[in-house]
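Structure at a glance
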Amino acid sequence: MPTPIKQFIAIVLFICCFFTYSQTEQGVIKNQQIKDSIDNYLIRASQSIDQAKLEPALSNIIRAKEIALQNQNRTYRAKTNMVLAKLYRELRDLEKAEDQILDAIQIQTEDNDEIMLAHSYAIYASIATQLKKYQTTNEILDKALALTKKKDIEGLEGSIKLNQGLLALSQNQPKEAIKHFKGGLPIIKTYNLAYLKAKLYVNMAKAQLAIGELDNAEATNDSSMQIGIKQSFSEIRSESNELYSRIYEKKGDYLTSLSYLRAHEKIKDSLFNTNKEIIAQEAGAKLNLNENNVLIEELTEENIQQQKSLKLGRLTTILSIALITILSLLTLSLYKNNNLRARANELLQNKNTELILAKENAERAGEAKIQFLSTITHELRTPLYAVTGLTHLLLEESPTPNQKEHLNSLKFSGEYLLSLINNILDLNKLEANKVEIESTSFNLKKRINDVLIALGKSAKDRNNKLHYEFDESIPTKLKGDPLKVSQILINLIGNSIKFTQNGDIWIRVKAINKIDTKVFLSFEIEDNGVGISEKKQQNIFENFTQGSVQINRKFGGTGLGLSIVKNLLSLMDSEIKLESELGKGSKFLFSLKFDIFENKNSNYTEEAKKIDYNVLVDKNILIVEDNKINQLITRKILEKNKVKCDVADNGDIAVHKVKENSFDLILMDIHMPGISGIEATKQIREFNTEIPIIALTAVTLDDNLDEFYDNGFNDIIPKPYKTEEFFTKLHKALIKKQTTM
């Protein structure tokens, strides 16, 4: 049986143990409540920072740090420093943000708190990147990744991948950044980290924009904006709007770009400036947290200066009332003027944007027109080559005098048609100052006579008589642009023939003056046809304009003829004059200046007469041409001069034939099925650099000469060609080959 003393001692020990346990349990509960309270404050602070609500964020941080310091809890003091570092980062005060996170890292390192240390490293990495401490960022991210894998920290690897992407983006490595962003996205999605996901999307869109993927950038930015709207992330919405503005600027949609830029500025002004003022006041009044006392004095130099300014303002207020009143009135006036100026600037900016869009649309339309004209010109020139080529062959086959006259007329008409095609292009090029005047020798009298022969049948059909008066004192050979002269005369004489029935048409060419090697000539084309009213004379030279709708129906035509004349004469430093009376006829007058030709250099016609055609005998020439008619014409022209010909229908066959056979020269068409003539020439030049290759093409050569020579061509013959030019260039190429062998 236990003694009473032993029973008493046992009871006392039980009571002491119970009391000690109870106190310990109450302490554990109290500590847990403190931790929960700090955690709640810090969670709310982080959420407020993500939503750019910086005033409640600051308030929660202050409460959390007060409790942590009162209870001397190092772990939570470090956590508070982490959140405070994020707050300073949002305020763009990166130096203070770095100080706070380094304090947290020091505590966590000393306490060996590896999980929170990994999170601090992730925060520090984003701050170091913004400070452009890229080496530090790399080192910190490596440490964070090692701790994440060691401790198996859920979700943190996604934040690390995001920071790696931000680092690559800051170092102008957008493709590398996209790889990191894509690597982090699945992890962030798995743990539903909304703010990190929005941040990742907006920065991945920036990287896609940097490499020119505009549509992908817009789609990725859409995802960021949706999260920003849903979660009330004002900063994300501001950043997304700014990115939309840059994307639409790159796309050329300046109005949409401007609207997004305004949305960005509006959000930025409302959340950043307002919050910054509130934080400055709160920081000056409250953020005085220190280990020794709960509140640390962190009044910035700016706040101190504001306090001094306020004191000075109070001292001078009474003495400055009158001055302040005047300044207020002036300020109001300036404010109103500034508002008016801002509205005017906005209107000007809108108008400028509209003009830019209109200019771009006009440029696109102009480019489309040029491309269309280039294509249709090529398509017209190819059959025209057949016309002029067959005409040449027929002239070589001893036609009767009557047939020869018709063939000469056909030949001239073909040349005129080519001139017409070129001049239609000229009308479009005149505005861009791309048309140039040629300078070759020609016989003006013969040139006009050829025009009259070509128009003779039209005049005869309308029972009109052509009277040609040519001043014999005009030199036989002039130097100028014969095709453009023909174009002008054909349009003017043709116009007179069309509007005259059973009448007379006079063509007069007179010498006005002669100075040194230049001669000045006047041209008159007069008819006694229907005439033009005074009212219509004002706009008769505009495009697609005729005297009236009735005239158009009766006589036909496009109304382009006189417009071509006016533009061509303007190009040749002259102008057209008109004298006309309704019912009595019209007279067109203009003057031109020509150089008197001194026969120092022979033209192709003269050079062709000096060619030794024996050089062509038994030469092997490869004709590369997909058009069967053009093959036949070129082959017949060459074989008449005892040349041996082979034909390739396309570039691939041509390359194969040159490899297998020996040719003295290649005539290469440019536009063919399969590989083009340019590509075929480049391939041939890889194994044969000696053989002459001449481009035989219907393309416009204004801007393409360098391209032909750079790709291995020796010369170019534009189609439809004159046989004199054709044989002169062939002869030169073959002679040059013989001398280099």
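Residues numbered from 1 in each chain as written. Predicted model: local features only at pLDDT ≥ 70, side-chain atom pairs only at ≥ 80, totals over all residues. Heavy atoms only, no water.

1. Brief notes about the overall build of the chain
Each helix and strand counted, the chain has 26 helices and 12 strands in total. When contacts within the chain are restricted to residue pairs at least 6 apart in sequence, long-range pairs at least 24 apart make up 67% of them. Of the roughly 41,400 Å² of accessible surface on the chain, 52% is carried by carbon and sulfur atoms. (Helix = DSSP H or I, 4+ residues; strand = E, 2+ residues; numbered from the N terminus. Contact = heavy atoms within 4.5 Å. Areas by Shrake-Rupley, 256 points an atom, 1.4 Å probe, with all protein chains shown as cover.)

2. Section: the packing of aromatic side chains
Going through the model one piece at a time under the given rule, you end up with nine aromatic pairs. With a centroid separation of 4.8 Å and an interplanar angle of 5 degrees, the aromatic rings of Phe523 and Phe590 are classed as stacked. One end of the pair, Phe523, is in strand β5 (residues 518–527); the other, Phe590, is in strand β7 (residues 585–596), and 67 residues separate them in sequence. A relative accessible area of 1% places Phe523 in the buried class. With a centroid separation of 5.6 Å and 70 degrees between ring planes, the pair formed by Tyr613 and Phe727 is classed as edge-to-face. Taken together, the residues Tyr613 in the loop between α21 (604–609) and β8 (620–624) and Phe727 in helix α26 (residues 723–740) connect sequence positions 114 residues apart. The class for Tyr613 is partly exposed, based on a relative accessible area of 29%. Counting every residue linked through ring pairs, the aromatic cluster contains Tyr244, Tyr248 and Tyr260. Against the face of Tyr248 rests Lys251, its NZ or CZ located 5.5 Å from the ring centre. (Phe/Tyr/Trp six-rings, centres within 6.5 Å; stacked < 30°, edge-to-face > 60°. Buried < 20%, exposed > 50% of the residue type's maximum accessible area, 1.4 Å probe, protein only. Lys NZ or Arg CZ within 6 Å of the ring centre and 35° of its normal.)

3. Thoughts on the sheet that holds β8
Taken together, five strands build an open sheet; the order of strands is β9-β8-β10-β11-β12 and the sheet is parallel. The strands lining the two open edges of the sheet, one partner per strand, are β9 (644–648) and β12 (715–718). Here the average twist between neighbouring strands, direction ignored, is 20 degrees. Alignment of β8 against β9, held across five bridges, turns out to be parallel. Within β9, the position partnered with Val624 by the bridge is Ala648. (Pairing = 2+ DSSP bridges. Axes fitted to C-alpha atoms, helices over the stretch in contact; angles between N-to-C directions.)

4. Observations concerning the packing of helix α9 (residues 194–210) against helix α11 (residues 234–251)
Packing of α9 against α11 leaves a shortest axis separation of 11 Å and a crossing angle of 15 degrees. Overall, the two elements α9 and α11 adopt an arrangement that is roughly parallel. Here α9 runs over α11; the crossing is left-handed. Where α9 approaches α11, its residues Tyr195, Ala198, Lys199, Val202, Asn203, Ala205, Lys206 and Leu209 are matched on the opposing element by Glu235, Ile236, Glu239, Ser240, Leu243, Arg246, Ile247 and Lys250. Broken down by class, the residue content of the contact of α9 with α11 amounts to eight nonpolar, two polar and six charged. (Parallel < 35°, antiparallel > 145°, perpendicular 65-115°, else oblique. Left-handed = near helix turned anticlockwise from the far one by under 90°. Nonpolar A, V, L, I, M, F, W, Y, C, P; charged D, E, K, R; others polar.)

5. Observations concerning the pairing of strand β6 (residues 577–581)
Only one face of β6 is buried: it carries Leu578 and Ser580, and the other face, with Lys577, Glu579 and Glu581, is open. Where β6 folds back onto β7 in an antiparallel hairpin, the turn is made up of three residues, including Gly583, whose phi is positive at roughly 85 degrees.

6. A short note on the confidence of the model for the chain
This prediction gives the chain a mean pLDDT of 80; 79% of its residues lie at or above 70. In the predicted structure, residues 11–29 sits below a pLDDT of 50 and forms zero contacts with residues beyond four places in sequence or in another chain. In the model, residues 281–303 has pLDDT below 50 throughout and makes 48 contacts with residues more than four positions away in sequence or in other chains. (pLDDT = per-residue confidence, 0-100.)

7. Considerations on the nonpolar core
One finds Ile38, Leu87, Ile101, Tyr121, Tyr124 and Ile127 to be the most contacted residues of the largest nonpolar core, which totals 44 residues. Of all elements in the fold, only α1 (4–50), α2 (54–70), α3 (74–90), α4 (94–110), α5 (114–130), α6 (134–151) and α7 (156–170) reach the threshold of two or more residues within this core. Setting aside its immediate chain neighbours within four residues, Tyr121 contacts Ile105, Ile140, Lys143, Ala144 and Leu147. Residues Val485, Phe523, Met572 and Leu578 belong to the second largest nonpolar core, which totals 41 residues. (Core = buried A, V, L, I, M, F, W, Y, C linked by side-chain atoms within 4.5 Å.)

8. A few points about the pattern of salt bridges
Per the counting criterion, the structure on display carries 31 salt bridges. Linking Glu114 and Lys150 is a salt bridge whose minimum nitrogen-to-oxygen distance equals 3.0 Å. Of the two residues, Glu114 is situated in helix α5 and Lys150 in helix α6; the sequence distance between them amounts to 36 residues. Residues Arg635 and Glu639 are paired through a salt bridge, measuring 3.0 Å at the closest nitrogen-oxygen approach. With Arg635 and Glu639 both in helix α22 (residues 628–639), this residue pair falls four residues apart, about one helical turn. (Salt bridge = Lys/Arg side-chain N within 4 Å of Asp/Glu carboxyl O.)

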